[in-house]
Amino acid sequence: MTQKDSEAFYGPDFNALQAQDPDIAAVLISELVRQQKNLQLIASENFTSPAVLATMGSTLSNKYAEGYPGKRYYGGCEEVDKVEVIGIERAKALFGAEHANLQPHSGASANVAVYQAFTKPGDSVLAMSLPHGGHLTHGSKVNFSGKWFNIFSYGVRQEDELIDYDELRDNAIANKPKMICVGATAYPSLIDFETVRKICDEVGAIMWVDAAHFIGLVAGKAIPSPVPYADVVSFTTHKVLRGPRGGMILSKAEHAAAIDKAVFPGMQGGPIMSAVAGKAVALKECATPEYQAYAKNVIVNAKALAADLEKEGMRAVSGGTQTHLALIDIRSTGVNGKVADERCGASGIVLNKNSIPYDPETPAVTSGIRVGTAATTTQGMGVPEMSQIASFIARAIKDGGDENKAKAIRSEVNALTAKFPIYAR
Ligand code: DSN
């Protein structure tokens, strides 16, 4: 895409920005070009629609709206009230949820609200450990959750790299947590929500599902939903769900007041109403047959990519994937995750190094990479392209230390992405 095309994409407002602040305008263009030309395989990223982007650059950004629709602390909220009501109703309908809160600024913020709604500092919480695929807010020692709560962790079995529900149950019975969290950032398999519900009932714990990674697949009816089982489901809106950057919480009606109070005034001040509008737009998009087909294709592509990487001699953790992401053990290549990440980057392939379960390397180095198919599937890529991508990754990891070879891979990547343009006008 040329600079002229980029200006056409951003519209007249972009011309005003460019006149006033060419330094920042230049970054908007170069970031758009970076997203267009490279392969975007970060499992938590996607390309949101121009309609969602339009809400983010709107005058809704100017409005303070502390409180909830009809109960605000500032005047002039009659228009933004409409947006939030529409968004809440769409979320409840799409997920079959009894209650929805669209105000969390991010997934981590949503999780702060969940802790606040159901626990007090010092309470025990059982969650998946970060080295086995959990999240910082699930009790990492460097996060508020690990500092303020008594965290017990579960992980995956060494033999098959799947959650051991018997161990989880034993852990819950022994430690009597107030809340049990399931959900992860690097777990390629499905979670057995029914079994987790039974464990929660047995020990009297709140069932919290952090669905940030897979909620888009649930929205597209491509995998089972946690909503009928969980007391509370938190998530981000910008991953497979393809909405704006932000967070959301669904809950049973009995927890509605606690969740709303925890979000505001417990954890945040004014909501970002432009983002709330973007969430409403994304939820409407998710309710379409096109989005359902997309969600299914994301999984088909992830399975194909994992299988193709195995053909290239690497190992898919837990034997493959049932979701949008695959975790790849690359020790067979003799290259660690950090170097692989750098070599792929130099070859036009954007992914991240990732610890694998029982990783002998530190989190800064790792023995693995994580790949996701949300963005490439949005571009329209399918199974044939996944096989090309696997070969690019394998060549980049093995040969990418050589600048000329990296350059050659990058030009093939650019040729592939040019066939699947994003944000083209
Ligand atoms: N940073 C996100 C991810 O990449 O999975 C989780 O918050």
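Refer to the structure printed above.
Residues numbered from 1 in each chain as written. Predicted model: local features only at pLDDT ≥ 70, side-chain atom pairs only at ≥ 80, totals over all residues. Heavy atoms only, no water.

(A) Quick peek at the pattern of salt bridges. For the structure on display, the rule yields 18 salt bridges. Lysine 338 serves as the salt-bridge partner of glutamate 342, at 3.0 Å between the closest nitrogen and oxygen. Of this pair, glutamate 342 and lysine 338 both sit in helix 14 (residues 337–346), 4 residues apart, which is roughly one turn of the helix. With a shortest N-O distance of 2.8 Å, glutamate 412 and arginine 395 are connected by a salt bridge. Of this pair, glutamate 412 sits in helix 17 (residues 403–418) while arginine 395 sits in helix 16 (residues 383–399), and the two are 17 residues apart along the sequence. Accessibility expressed as a relative area gives 28% for arginine 395, which makes it partly exposed. A single salt-bridge network, built from bridges that share partners, covers Glu161, Arg315, Asp329 and Arg331. (Salt bridge = Lys/Arg side-chain N within 4 Å of Asp/Glu carboxyl O. Helix = DSSP H or I, 4+ residues; strand = E, 2+ residues; numbered from the N terminus. Buried < 20%, exposed > 50% of the residue type's maximum accessible area, 1.4 Å probe, protein only.)

(B) Representation of the sheet that holds strand 11 (residues 315–316) in the model. If you trace the 4 strands from one edge of the open sheet to the other, you get 11-12-15-14, paired in antiparallel fashion. Of all strands in the sheet, those bounded by a partner on one side alone are strand 11 and strand 14 (352–354). Here strand 14 pairs with strand 15 (residues 368–372) via 3 bridges, running antiparallel. Paired with lysine 353 across the bridge in strand 15 is isoleucine 369. Across the sheet, helix 14 touches strand 14 and strand 15, and the angle it forms with strand 14 is around 165°. (Pairing = 2+ DSSP bridges. Contact = heavy atoms within 4.5 Å. Axes fitted to C-alpha atoms, helices over the stretch in contact; angles between N-to-C directions.)

(C) Summary view of unusual backbone geometry. Following phenylalanine 264, the chain continues to proline 265 via a peptide bond in cis, the omega torsion being 10°. Phi is positive for glutamate 161, close to 60°, though the residue is something other than glycine. Positive phi, close to 60°, is recorded for lysine 221, a residue that is not glycine. Topologically, lysine 221 is positioned in the loop between helix 10 (215–219) and strand 9 (232–236). Assessed through its relative accessible area of 51%, lysine 221 is described here as exposed.

(D) Examining the side chain of asparagine 38 more closely. Mapping asparagine 38 onto the fold places it in the loop between helix 3 (22–37) and strand 1 (39–40). Look at asparagine 38 and you get buried, because its relative accessible area is 14%. For asparagine 38, the side chain forms a polar contact with the main-chain oxygen of arginine 34, separated by 3.0 Å. Residue contacts for asparagine 38: discarding those within four places in its chain leaves Gly348, Val350, Val413 and Thr417. (Polar contact = N/O pair within 3.5 Å; in protein donor to acceptor, adjacent residues only side chain to side chain.)

(E) Structural context of helix 8 (residues 165–175). Restricting attention to buried positions, one finds in helix 8 the residues Tyr165, Leu168, Asn171 and Ala172. Summarising the axial view, the buried residues of helix 8 lie within an arc of 120°, below the 170-degree limit, and thus occupy one face. Residues Asp166 and Ala174 are exposed on helix 8 and point more than 90 degrees away from its buried face. On the buried face of helix 8, the contacting elements are strand 5 (124–128), strand 6 (150–154), strand 7 (179–182) and helix 9 (193–203). (Arc of directions from axis to C-beta.)

(F) Molecular detail of the sheet that holds strand 5. Spatial strand order, 4-10-9-8-7-5-6: 7 strands in an open sheet with mixed pairing. Each edge of the open sheet carries a strand with a single partner, namely strand 4 (99–101) and strand 6. Within this sheet the neighbouring strands show an average axis-to-axis angle of 20°, counted without direction. With 3 bridges joining them, strand 8 (residues 206–210) and strand 9 adopt parallel strand pairing. By the bridge assignment, tryptophan 208 is partnered in strand 9 with valine 232. Most of the contacts of helix 6 (residues 107–118) go to strand 9, to which it runs at about 160°, and overall it touches strand 5, strand 6, strand 7, strand 8, strand 9 and strand 10 (247–251).

Read these as geometric descriptors, not functional statements.
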